Structures are given as structure tokens and as C-alpha cells.
Amino acid sequence: MTKQQILDIVQKLLTTHPRPNPFTNNRPEKQWWSAFLRRNSDISMRFPENLCKTRAVSCWKEAILKWFREYKSYITDIEKCPEILQDPSRIFNADEAGFPLNPKSDKVLAATRSKDVYTISGSDKTSITILACANASGHLLPPMHVFPGERSFNPLHDAVPNSILGRTKSGWMDTEVFFMWLANHFVTAIPDLARPVVLLVDSHSTHIDLQTTRFCRENKIILYCLPAYASHIIQPLDVSFFGPLKLNWRKACKSYKDNNPGLTITKMFFAKVFHEAWVAYNKAETMMNGFRQSGLYLFNPFIIDEGKFSPSLLFVEPPNNVATDEAWNVADAPGLEAVPATITSAVPVTITSAVPATINSAVPATITSAVPATINSAVPTTITSAVPATINSAVPATINSAITATINSAVPATFTSPVPAALPLSVTLPVTGTATDPVRCIRMCSGDVGRGGS
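Let us look at the structure shown here. Since the structure is predicted, the reported quantities are computational estimates derived from the model, not experimental observations.

For the rest of this paragraph, the subject is the overall build of the protein. Assigned secondary structure in the protein consists of twelve helices and 16 strands. Residues classed as buried in the protein amount to 44% of the 454 residues present. Nonlocal contacts in the protein, meaning residues at least 24 apart in sequence, comprise 59% of its contacts between residues at least 6 apart. Of the roughly 24,100 Å² of accessible surface on the protein, 56% is carried by carbon and sulfur atoms.

Turning to the packing of aromatic side chains, a few remarks are in order. Aromatic ring pairs are reported here in terms of the distance separating the ring centres and the angle at which the planes meet. One pass over the full model with this rule turns up 25 aromatic pairs. Summarising the aromatic geometry, the rings of Tyr71 and Tyr224 are spaced 5.2 Å apart at their centres and angled 65° between planes, so their arrangement reads as edge-to-face. On the criterion of sequence distance, the pair formed by Tyr71 in helix α4 (residues 61-78) and Tyr224 in strand β6 (residues 221-225) is long-range, its members being 153 residues apart. Across the pair, Tyr224 and Tyr71 agree in class, each one buried. One aromatic cluster is present, formed by Phe99, Phe147, Phe241, Phe242, Trp249, Phe270, Phe274, Trp278 and Tyr281 through successive ring pairs. Over the ring of Phe99 we find Lys246; its NZ or CZ atom is 6.0 Å from the centre of that ring.

What follows covers the nonpolar core. Ranked by size, the top nonpolar core spans 29 residues in total, and within it Phe99, Phe241, Trp249, Phe270 and Trp278 carry the most contacts. Only β1 (91-100), β2 (127-135), α9 (242-259) and α10 (267-280) provide two or more residues apiece to this core.

Attention now moves to the sheet that holds β2. Read across the sheet, six strands follow the order β4-β3-β2-β1-β5-β6 without closing on themselves; strand pairing throughout is mixed. Bordering the open sheet on either side are β4 (164-168) and β6, each of which pairs with just one other strand. In this sheet, neighbouring strand axes are inclined to one another by 25° on average, regardless of whether the strands run parallel or antiparallel. The sheet contact formed by β1 and β2 spans nine bridges and is antiparallel. Looking at the pairing, Phe99 lines up with Ile128 of β2.

Reading the values: the criteria
- Residues numbered from 1 in each chain as written.
- Predicted model: local features only at pLDDT ≥ 70, side-chain atom pairs only at ≥ 80, totals over all residues.
- Heavy atoms only, no water.
- Helix = DSSP H or I, 4+ residues; strand = E, 2+ residues; numbered from the N terminus.
- Buried < 20%, exposed > 50% of the residue type's maximum accessible area, 1.4 Å probe, protein only.
- Contact = heavy atoms within 4.5 Å.
- Areas by Shrake-Rupley, 256 points an atom, 1.4 Å probe, with all protein chains shown as cover.
- Phe/Tyr/Trp six-rings, centres within 6.5 Å; stacked < 30°, edge-to-face > 60°.
- Lys NZ or Arg CZ within 6 Å of the ring centre and 35° of its normal.
- Core = buried A, V, L, I, M, F, W, Y, C linked by side-chain atoms within 4.5 Å.
- Pairing = 2+ DSSP bridges.
- Axes fitted to C-alpha atoms, helices over the stretch in contact; angles between N-to-C directions.

Okay, here's the thing in C-alpha cells:
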């Protein structure tokens, strides 16, 4: 909320419910606002980042956790390389960002009553695309500069050493230039690393085509896509690198103009000025922090700041078959075995289990089990079991069993069994799922987030 919104709320409350106050027209003034901030020291005024609605809708917590599950499963079960997740030198992230030739100026000092305040800048609105790549151990590869147009001059004079040049009609990345970077720059920069390596990219179409996929497979590069519209949460270079780099770019531009009065930055001088900004923020700990805060190394999806998921709560209601973070974490944490679980839920739950399970539920639930199972339920419940099962229920219940079953019920019950039974009962739970144990079943999410694999 903004300051004006807070003041509007207070004014409305005082108008609706009158009480003595020192304000003009019931609207608080500067002194009240200052006192309000002192009384509430846990809040402060901040500049919010603009977040498009598409990102807010797409980036709900369960979708991101589902991506982490699929990513780990692909590396471990399909590629058969679980050691990669523990080797920071083999986990890379590549990303692009645009750098305008004439960035917006910072505030300047001017006469108090000045009506017009100017700064000299070029008329060129062009942005130069920079493709950066780093690994989780903090090693940053030299950048690629993507210039618009196809003129033959060399714009990389005084550029970052070993930088490479790309050209497209628009100045943005395209499929051909990305493949050129991959084949001529990325592969040659990592000759001594153990293979395969993982290269994480966003799901833009420029990163995914048949030629690129085949090349990655031949060179033992696992090209894996991050979730769509989630780069601000899970893309390491976006999380910790490009923001400060753009700030240093603005500083470098200002320094260049101060040292060269009357000159503006053109394509010819971009690489030279950008070199200064790049060197000022080429720090290993910056890249390492990005991978850590994104949960990619060390692999830990629960380290992501919960506040980054807050905007999605305005638009998305998580699916009913998603259970607790703690249970998902136990199932996927290295070295922990699957064990019996107890679930207390206010939403539908489905379990297919090879171990004992207990459910206390206020809504329908379904259990398919190879071992004894117990349900205490206030609603219809259904159990299909190959071994004895017990149900304590206040409503009708149904059991399909291959052996003897016992039911304690306060209402009529229906029973279907090929063997003797003591008081059949039927309970019907409208939830379904599949898993090897009750812990692993409860983190399945709906929807398809990102695309995995090369």
C-alpha cells in the first residue's frame, strides 16, 4: 500500500466513525505519518518492482516445487547422473539482458525554482543484448554482444577479453546466434570439465530447436529449461547478477559522459564502456549467491524466499491434492527413506501406498493399500485392500477386500467380499493418486511447468 492509500483509509474511518482528532477534514498530516512509521518499526517505505500479471499467475509455489521434483528426477533417473547436483562446476546458467545505449539519468542538483532540468544524451534508443553464462562455483564466461544490423565494422574494440560478437536484425537473441554461442564459445570454454554438464536456460523458443538439441546430446550437455515466467525467482543470473550489472552500467555511462563532455555513447563505444561495468561486478560470490538463492545449488527448493510467491496468491488457488512442504521435503531429501505417514487434511486426499497409512480427514478420501490401513472419517470413504482393513465411520462405508475385514459403524453399511467378513461397511472418498508411499504421493501438482531435457 502507498502512503496516500493509508491516509485515505484513516480519513474514511474517521469520517464513518467520528471521534475527536486534530486533523483537517479528518485527514492525517505529516506528523501523524512519521509517528505511524515509528510505532510500526517492522514496516518501511519501499519501491516495488513491477511484476507482470503473467508472472504472478504462473509462479505459485506448488508449480515451482513441481519443477524442482521433475528436474531432480530427470538428472537422477533418466540421465543417471545424480552426482551433478553435488558438483557446482557442472551446473551452468545462461541468460540474456538488454543494455540501452542511453540509460535513464539519476537525480541531479538544480536550482530550486528551475522549471526545466536537462542532461545531454543521444537520440539512439537502441539496446545491445548481452548473453552471460556462469556456473554454481562462481566462474563467469566472457560475454557475447548481440548488435542489431549487419554492418561489417568491429564494435568489440576494448571489449571484455575473449568476448564474442553476434548480429541479428533486431539486436535480440535468435536461434542461429544462440547455437553459434553454444558451439563456438560455451563448449570451447569448458574443455576440461567432466561430462555431462547441465546448462539451465529459460524456456524461450530461441534456446530450443532440433539443431541445438542434437548438438547438446552429442557433446554431453544437458540442456534443461527453467519454468516459464519464473526467471525472477529461479534463474541465478536474474536473481543476483543482471540487476547490479545494470546499475554499474548506468554508473559507467555517467562516468564516460563526465570524462567526455558533449559526447554520447554509440554502438562503436558500447563495448568499451560496458567493459568497465563488467569488471566492476565480476565477482565469484555474486554468481554463487544466485545459485544458492534459486535453490539450484546446493539443491534446496525450500530456500527460495516465500515473499516471491506472494503475488500468485491473488490469482491461483493451489490444487487439492497438494500436501505439506515438510512431507515433500522428507520424500526427496537425500539419504532419507520412505516411512509410514500420518495426514490430517481439510481437503480431498488420495494415497496409493505400499506402507501403513493413517488419515484423519474432514473430506472424502481414497486409499489403495497393500498393507493394513486405518481411516477415521466423518464423510464417505472407500478402501480397496489386499489385507485386513478397519474403518471407524459415522456414515456409510464400502470395502472391497480379498480377505476378512472388520467394520465398526453407526449406520447401515454395504460389503462386497469373496471371503467371510464381520459387518461390511462402505466409505467413498472422491480423491485419487499414485505413489509408492504416502509421503511421496502428496506433492503431485497439476499443470506442466517448464520443459525438461535436451
